[in-house]
Structure formats: C-alpha cells, structure tokens
Number of protein chains: 2
Amino acid sequence: MTTREDCQRQDLSDPLAALRDQFAIPADVVYLDGNSLGALPKATAARVQQVIEREWGTQQIRSWNSAGWIEWPHRIGDKIARLVGADAGELVVADGTSVNVFKALSAALELVRSSADTAPRRVILSERGNFPTDLYIAESVARERGCELRLVDAAGVAAQLTADVAVLLLTHVNYRDGRMHDMAALNRAAHAAGALVVWDLAHSAGAVPVDLTAGNSDAAADFAVGCGYKFLNGGPGAPAFLWAHPKHTARMDTRQMGQPLSGWFGHAAPFEFTPEFRPAGGITRFQCGTPPILSLAALDCGVDTLLAADALGGMRALRRKSLALTDLFIALVEAHCGDDGFVLQTPRDANARGSQVSFSRGEGAYAIMQALIARNVIGDFRAPDVLRFGVTPLYTRYVDIWDAVAMLRQVMASGEWRDARFSLRATVT
Amino acid sequence: MTTREDCQRQDLSDPLAALRDQFAIPADVVYLDGNSLGALPKATAARVQQVIEREWGTQQIRSWNSAGWIEWPHRIGDKIARLVGADAGELVVADGTSVNVFKALSAALELVRSSADTAPRRVILSERGNFPTDLYIAESVARERGCELRLVDAAGVAAQLTADVAVLLLTHVNYRDGRMHDMAALNRAAHAAGALVVWDLAHSAGAVPVDLTAGNSDAAADFAVGCGYKFLNGGPGAPAFLWAHPKHTARMDTRQMGQPLSGWFGHAAPFEFTPEFRPAGGITRFQCGTPPILSLAALDCGVDTLLAADALGGMRALRRKSLALTDLFIALVEAHCGDDGFVLQTPRDANARGSQVSFSRGEGAYAIMQALIARNVIGDFRAPDVLRFGVTPLYTRYVDIWDAVAMLRQVMASGEWRDARFSLRATVT
C-alpha cells in the first residue's frame, strides 16, 4: 500500500522534479487542471512586461523589425514543432484552435477533391465524443462544401473508413475521458482508404510524445492543429498552432490552392499591398491576420518550460512520469474511494491514455468537484457527470496525487459535497 | 505664418492636452504612426501584470468565473460600442480583423440570399484601393460562394450599386490616403439598391466619430469590423471587434442562420458540450474560440484611454483636434517643403478626411521616411510611394506636428535621405 511518505520519496528521486521550479503555483493548491489552463511559468510576467514596456512602449512600431515580431509565429512554431515530431518551418502559430480546424479541414477537403482519385468522397468522418468545437466547425465546413459530417463511436473509427470518406478529423487525446488514439495506425488506415487525417493535438502537444511526420512514412499525419493554453502553458486563450505535412504545402504551392482565411499575413508579400491575393509558400499561407504579440510572448515562455526538459529526456521522460502519476492516481482512488461510486473512464492501458484521469459518477459529480476545489484541489467537471484530473509532469508531484486523493476521500467521507452551495453551477464549469 | 511658439501656445490652451499623460511615449520621439500601432497606455503594463500574476497565477482556471474572463469580449465590446455609435450588447471583441471580415461578409451574403428579394445578387462590391486583407478575404468568400468580387474606384462606388450587388464592403477611412467615405450616404444608397454594407473601421474606431446605428434609420450600417491595435491602443496584434445591426442578429436568431466559424464560444451553451452546434443569440454567435485574455486586458486599457475623453467632449472633441492637427500638417508641409515634390493624397475637405495625412512622392518616398525615422519622427511608408503620417488626438501635440515638418524640411534640405542605408527595405515597411 502506497503511503504519503512513499510519494515524497518518489518526488525526491524524480529526475524531473526541478522542472516544477519554472512555475508559480500557489503553495496551498494542488493544481490538476493543466489540461484546461496550464500553470503560470515564472518567466512569463517579466517577459511580457519587457515586450510591453521596451518593445511596444519604447521601440513602438519599429519592433516589428527590430524585435523580430514579424517572425514570432514561425520562431515559436519551430519550437512547438520539436514537441510534436515536425521539422522547422512546417508549423506556424496563428489564431485559435477552432479557426485552425476550419483552415486545416478546408485545405484537406480541397486536396482530396483535386486529387486524381475517382471515388466521390464527400464525408468528413469524426468521433461523436470529439471536442465539440471541432465538431461545430466540421458541421459548418460540411454544410458550406456540400459534405456530410459522419459521427461514429471512438472504437469504430477504423472500421468506418469507407470509400466515401474524404477526411478523418480526430482529437488525439479525448478531452473528457483521456483516451488516446493510435495516431500512426489510424493514419495508415486512413491513407490506405484514400482519406486524409486532421489531428487536434489540444491534449497532446506537451503532454504525450507525438510523431507527426513519422519518419516521412505512410504513418505520417496530414494536418494537425493544437492549443497553446493547455500543456503548452501559454496563458488563458493563448494562440493556437497549425501544422501541415510538407508534401501537402508543396502540392498547394504548385496547384495554387489555399485555405479560405486568406488574410494578409498569408500573402507572399503582404507589404506590397497588392489587391490580388498571392499565397505565401509553405506553412505561411495558413497565417491570416496580424500576429498577437503580447500573447505570443507568453506562449513563448510556456513552450520554453517544455524545452527545458530536453536535457532530461524530453517528451519521453515526461511521458514516463505522466504515466506513473496517472497510474498512481487510479490506484489510490480505487484503494481509498473504492466504495464511493467512481467509475474509471480513462483507459488502464497506458498506450491508450493521455495525461489525465477521469471518473464518472452518476450523482453529484459536479458538486463533488466543487467541494474538492473548495479544498484547493483543482480539477474540473465535464458534462454530464465526469470529474477530470489533469496531470502535468512538468509540475505535478507524486505527493500532489496523494493529497488530491486524500482530499477526495475526506469530501466523500464527510458528505460535505452534499452542501447546497456546491451544486450551484458557475458559468464555466 | 505659424511658428513653433504658436504651436506651443495651442498645446497650452488645448482642453485635451492632459489626455497625453495617459501614454508612455519616449520624450525624444514624434510618434505619427498610431494608425499602424497605437502608443502604449501607462496603465497597460501593470494591468497585464495583474492578470498574469494574480488572475492566471494565483486563481488559475477559476478566473474564468472569479475574474469574469468569460465576459470580457462583451464587457470590452460594450465600451467600444460607445465609440462607434452602437448600443451595449451589439458588439463583441473576437479574433482578428481579417477573420471578422470573413464572418461578417459570409453572414451578410447569407442574409441577402435568404431575403424575399427576387433579384439574383451575386456581387461583392468593393473599392480597388481597399485595405488588401479585406480584398483577400472577399476574394476567398466570393470563390467559396460562387460570387463575383467587383472592384471599382472609390469615387465610383455609389454609381456601381447595381441590382446584382449583394454586399458592399468598404473601409471607412482609407489606410493609404486617409480619405473617408460618407458612411450614412453610402448606407442609404446601398439599402435603396437592395444591398447590405459591411464596414471596416480599422482607421475609424477611436479616430473619427462613427454612428453605426444612425438613430435606427435607413442610414444605419449592417455589419462592421474593426482593429484593436491602431487608434484603440490595444497593443501589437490586439484582438479585433465585430458589430452586427440588431435587426440582423434578430433575423439570424429566428431563421437559425449563422456564420461559418461556428466555434464553441458562439454556442448557446458551450459548457454543455453537446455534439451539435446551437448558436447563441445576438452578437455572441460571432465569437469563435476561447478569448485571448492577456491581449484583452491590454485592449481594455487602450479603450479606456478613449473613454477618458468622455468628460472633455468625447469623440467630437477628439475629432476637432484631429482636424486641426491634420490641417496644420498640410499647411506646414506646403509652406516649408513646397518645392520638395510632395503631392497631398489626403482630401483637403475635412469631411472627407480621417485622422492622417499622406503625401506621395514619386522618387525616394521610402528613403525619405527612413531618414525621418532615423531622426525619431515615426511615420510610415505605404507602397508604392506614399509617406503616411497618423495623427492621434489623444497624444499628438501641435508642437509634434511642427517638429515633424521641421525634420522633414531638414531631411530634404540636407539631401541625407539619398544615403544608401535609407533605401534598404526592412521586412515590415
């Protein structure tokens, strides 16, 4: 039986323990919501301050050149590329995840339609439990382009790759239950079926190893988007990113294809101010408007907290710790709260698990989470009845897992979660 | 003949002079580029710091409720509404200007097509000299929707409102020459011709009085978008805004119409996580992804610098000063640099002028601007041959205008602009 002292010992011998020092986390809080909003890196406040006062305040408009602002979407994109198995120059930071899903999905459909393939492909295939904003955007793209959005259960995706599927749109790690798809296998299956794949890496980038280019094999993905404010620690509403396989951007370059959000930052020469759009080559065409510099500065600091793990084994080492923490969480809840009605939603199989643990509990899930938050254990609730605990190996300690479960046990044993104040729904739950 | 002392006296008697104290502007700089990037408000650094350290760092995910983050796009939108003649609840801060042009144009076309009007309307009418990103987006929307983008000269817009025009897309104040359209007259003409109007207020919001709702008359606009980083002083790449006339959002509500970027923040109940999109009512459906909180905090401070003018006469008083400053600029250049080849591009008619002065000069325009910038007079160059000087009545002083023209005179008299280093093009010009 694991004890709190065991957890403390694990922290002491954890080779990644020092990475936590990069973050400003209140001492009295167990923060298990980094999959919703990553914790604040200590470097961020000073860096954003510098950008505001020195670059914007003193150098003003000149900073687009002198501070290199114009290149930041690519400079930070190159850093994120290292975290998701992509090469420099293939990934750009721009807009939000939803907008980037729109771009990637539109471009993928255009590529499929322009291919020599004779099959009439008009289906966007996705998973019923995919993160809603991806489905909302897909619904809209399907309507606009006369396609059908077909939703299936997660387990049935591979079997549903029929000859009418143009694009498979999936989130790699499910936001609700933390289940992780086998990206390489699904890429291969989709390609064998003549479809392209768009991945949403919102719960993957910075959380689990991702290999988008897969050694340039048939297991490579086609497009990917991801979120800056979860495991990349970029701050609330941070800009998102978009990656396209270089073979696709090369084909787009040759065929003069684009994506519908053809803003001036995706132009080959924005400062020529020509009335006709002429797309930039490569990934740049997926930029749209003027980059949000203050937010990019914060995202840069967030991404750096992950690159700091490079010398310690990088994403592979973070993954090992993440699995150890989620394994521990599952074991402790089952040992200490085994009779409290929690049903594990996250796969026990480590290969099928992201960096979170979710439990459903028919009654009271919302109130139990609120009671836990009142005790400074911060997880979150996801409708209809899921308690969700994100684990961020950069800063989550073994002892945090122990303390979270100990608090959960107290919340259940005391029955305090039945207090009426805990069932009052807040705007954002 | 105006002297520098005259300008100093005008500053001393300027009732708006104290508004400049809101900004951190280097003492040795004459900043005439607020139409590209507004100057830094003094309040911004501390406010963003507070959001980072206290709201994000300490309250973490809870700040979506406790700090009201979730409402910021509306809260700040309501402030901007006051600057552009719109009512609270009609305007939202979201995404960038280009993305918002895409949303507004798409929604306007859908409204026209769903109307009882029997004329086949498939033309998006715009001005050849419109800001390129608006044209690029319109080109894309036209291609996607089987429409034609028809570009005409600025002066010919009203005459080109033929029966096949669905939407008129214009920028109120032209970015290059500073010419301002008569918004009410064009709205009336477009409505009489059965078309809707989408206005880009990038160089208007916070620069000139705008009356979008026009007392709810037929002179009201239909849609408007605008930029946060120019006269709203929101910082580099600040979020943009979008307004729709409430009669249109009401009709969209009734008919279940939308815009293609249907992200989760435009959903009626995003935290129910339902797989089907159900649009929020009113302007909220024009939100897409998670709001960028750090950038919104900075934009909030920027907008506040304009609201601070309320007690001093608001936009009308700012407009009076703006015109006095641009009149002075024109007069001084003509008096002191009359033989230097500058050709005024901005209308002399105050009613047709925004808050900038532009001169073309066939040869050397770029190098002359670089030489001026080297002397700390910051304007900018716009292809092919325009020197552009933005005037921001919140912080531009009469003496700044004098000093800028005095420097221009020296640059011309000395011939220093012919130095080779000034003709080297930077990335962003």
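A few points on the structure. (Residues numbered from 1 in each chain as written. Chains lettered and ligands numbered in written order. Predicted model: local features only at pLDDT ≥ 70, side-chain atom pairs only at ≥ 80, totals over all residues. Heavy atoms only, no water.)

So, about the overall build of chain A. If you tally the helices and strands in chain A, you get 12 helices and 15 strands. Relative to its length of 429 residues, chain A is compact, with a C-alpha radius of gyration of 22 Å against a globular reference of 22 Å. Taking all 429 residues of chain A together, 65% fall into the buried category. Considering only contacts in chain A between residues 6 or more positions apart, those separated by 24 or more positions represent 74%. In the structure as shown, chain A presents an accessible area of about 14,100 Å², 51% of it carried by carbon and sulfur atoms. Between the centroid of the 42 positive side chains of chain A and the centroid of its 47 negative side chains there is a distance of 1 Å. (Helix = DSSP H or I, 4+ residues; strand = E, 2+ residues; numbered from the N terminus. Rg over C-alpha atoms; globule rule 2.2 N^0.38 Å. Buried < 20%, exposed > 50% of the residue type's maximum accessible area, 1.4 Å probe, protein only. Contact = heavy atoms within 4.5 Å. Areas by Shrake-Rupley, 256 points an atom, 1.4 Å probe, with all protein chains shown as cover. Lys, Arg positive; Asp, Glu negative; His and termini not counted. Charge placed at Lys NZ, Arg CZ, Asp CG, Glu CD.)

Both copies of the chain are placed relative to one another by a rotation about an axis and a shift along it. Aligned on chain A, chain B shows an RMSD of 0.0 Å; the corresponding rotation is 180° and the shift along the axis is 0.0 Å. Considering both components of the superposition, the chain copies are consistent with a two-fold axis. Within chain B, the C-alpha atom positioned nearest to the axis of rotation is that of S295 of chain B, 3.0 Å from it. When you check the interface residues of chain B against chain A, 100% turn up at the interface there too, and the contact is symmetric in its surfaces. (Least-squares fit on C-alpha atoms with pLDDT ≥ 70 in both.)

With that settled, consider the state of the cysteines. Residue and element names in this part refer to chain B. Under the defined criterion, the tally for this structure stands at zero disulfides over all chains. A disulfide-free cysteine, C337 has its sulfur positioned 14 Å from the sulfur of C7, the nearest such atom. By relative accessible area, C337 is classed as buried at 2%. (Disulfide = S-S within 2.5 Å.)

What the rule picks out here adds up to 35 aromatic pairs over all chains. Between W64 of chain A and W69 of chain A, the ring centres sit 5.2 Å apart and the planes meet at 90°, which makes this aromatic pair edge-to-face. Since its relative accessible area comes to 8%, W64 of chain A is described here as buried. Between F131 of chain A and Y175 of chain A the ring centres are 4.9 Å apart and the planes differ by 85°, which places this aromatic pair in the edge-to-face class. A residue pair is termed long-range when its members are at least 10 positions apart, and F131 of chain A in the loop between β5 (123–127) and α6 (132–144) and Y175 of chain A in the loop between β7 (165–171) and α7 (183–192) qualify at 44 residues. Judged by its relative accessible area of 14%, F131 of chain A falls in the buried class. A connected cluster of aromatic rings, assembled from ring pairs, spans W64, W69, W264, F265, F271 and F273 of chain A together with F131 and Y175 of chain B. A cation sits over an aromatic face here: R361 of chain B above F342 of chain B, 5.8 Å from the ring centre. (Phe/Tyr/Trp six-rings, centres within 6.5 Å; stacked < 30°, edge-to-face > 60°. Lys NZ or Arg CZ within 6 Å of the ring centre and 35° of its normal.)

Residue and element names in this part refer to chain A. As summarised here, the arrangement of the seven strands in space is β4-β10-β9-β8-β7-β5-β6, forming an open sheet in which the pairing is mixed. What marks the edges here is a single partner per strand, and that holds for β4 (91–93) and β6 (148–152). Sheet twist, expressed as the mean angle between neighbouring strand axes with direction ignored, is 20°. Together, β4 and β10 (241–244) form the strand contacts of helix α4 (residues 72–83), whose direction differs from that of β4 by roughly 125°. The strands that α6 touches are β5, β6, β7 and β8 (196–200); relative to β6, the one it contacts most, it runs at about 145°. (Pairing = 2+ DSSP bridges. Axes fitted to C-alpha atoms, helices over the stretch in contact; angles between N-to-C directions.)

So, on to the packing of helix α1 (residues 4–12) of chain A against helix α12 (residues 398–414) of chain A. Residue and element names in this part refer to chain A. Contact geometry of α1 with α12 gives a least axis separation of 7 Å together with a crossing angle of 155°. One element, α1, and the other, α12, form an angle in the roughly antiparallel class. Residues R4, C7, Q8, Q10 and D11 of α1 lie in contact with α12, whose contacting residues are Y398, V399, W402 and D403. Across the contact of α1 with α12, the residue classes break down as four nonpolar, two polar and three charged. (Parallel < 35°, antiparallel > 145°, perpendicular 65-115°, else oblique. Nonpolar A, V, L, I, M, F, W, Y, C, P; charged D, E, K, R; others polar.)

This part takes up helix α9 (residues 293–307) of chain A. Relative to the 21 Å expected for 15 residues at 1.5 Å per residue, α9 of chain A spans 21 Å between its end C-alpha atoms, a close match to the ideal helical length. Most of α9 of chain A is tucked away: 14 of the 15 residues are buried. (Expected span 1.5 Å × (residues − 1).)

Formed by 248 residues in total, the largest nonpolar core has its most connected members in L201 and F329 of chain A together with L201 and F329 of chain B. What F329 of chain A contacts, discounting residues up to four positions off in sequence, is L32, V357, F359, F389, I401, A404 and V405 of chain A. Listed in part, the 64 residues of the second largest apolar core include V198 of chain A together with A166, V225 and F286 of chain B. (Core = buried A, V, L, I, M, F, W, Y, C linked by side-chain atoms within 4.5 Å.)

Now for the sheet that holds strand β5 (residues 123–127) of chain B. All names here are of chain B. Pairing is mixed in the open sheet, where seven strands are placed in the order β4-β10-β9-β8-β7-β5-β6. Here the strands that pair on one side only, and so sit at the sheet edges, are β4 (91–93) and β6 (148–152). Between one strand axis and the next, the sheet turns through 20° on average, direction left out of account. Of the strand pairs in this sheet, β4 and strand β10 (residues 241–244) are connected by three bridges, and their pairing is antiparallel. If you follow V92 over to β10, its bridge partner there is L242. Most of the contacts of helix α4 (residues 72–83) go to β4, to which it runs at about 125°, and overall it touches β4 and β10.

A few words now on α4 of chain B. Residue and element names in this part refer to chain B. For α4, which comprises 12 residues, the first-to-last C-alpha distance of 17 Å matches the rise-based estimate of 16 Å (1.5 Å per residue) to within 8%. Residues W72, P73, H74, I76, G77, K79, I80, A81 and L83 constitute the buried set of α4. Tucked into the core, α4 has its buried residues touching α2 (42–58), β4, β10, α9 (293–307) and α10 (314–336).

With that out of the way, let us pick up the pairing of β6 of chain A. All names here are of chain A. Sheet topology note: the β5/β6 ladder contains five bridges and is parallel. For E127, the partnering residue across the bridge sits in β6 and is V152. Assessed by its sense of winding, the connection that carries the chain from β5 through α6 to β6 is right-handed. (Right-handed = clockwise from strand over helix to strand, strands pointing away.)

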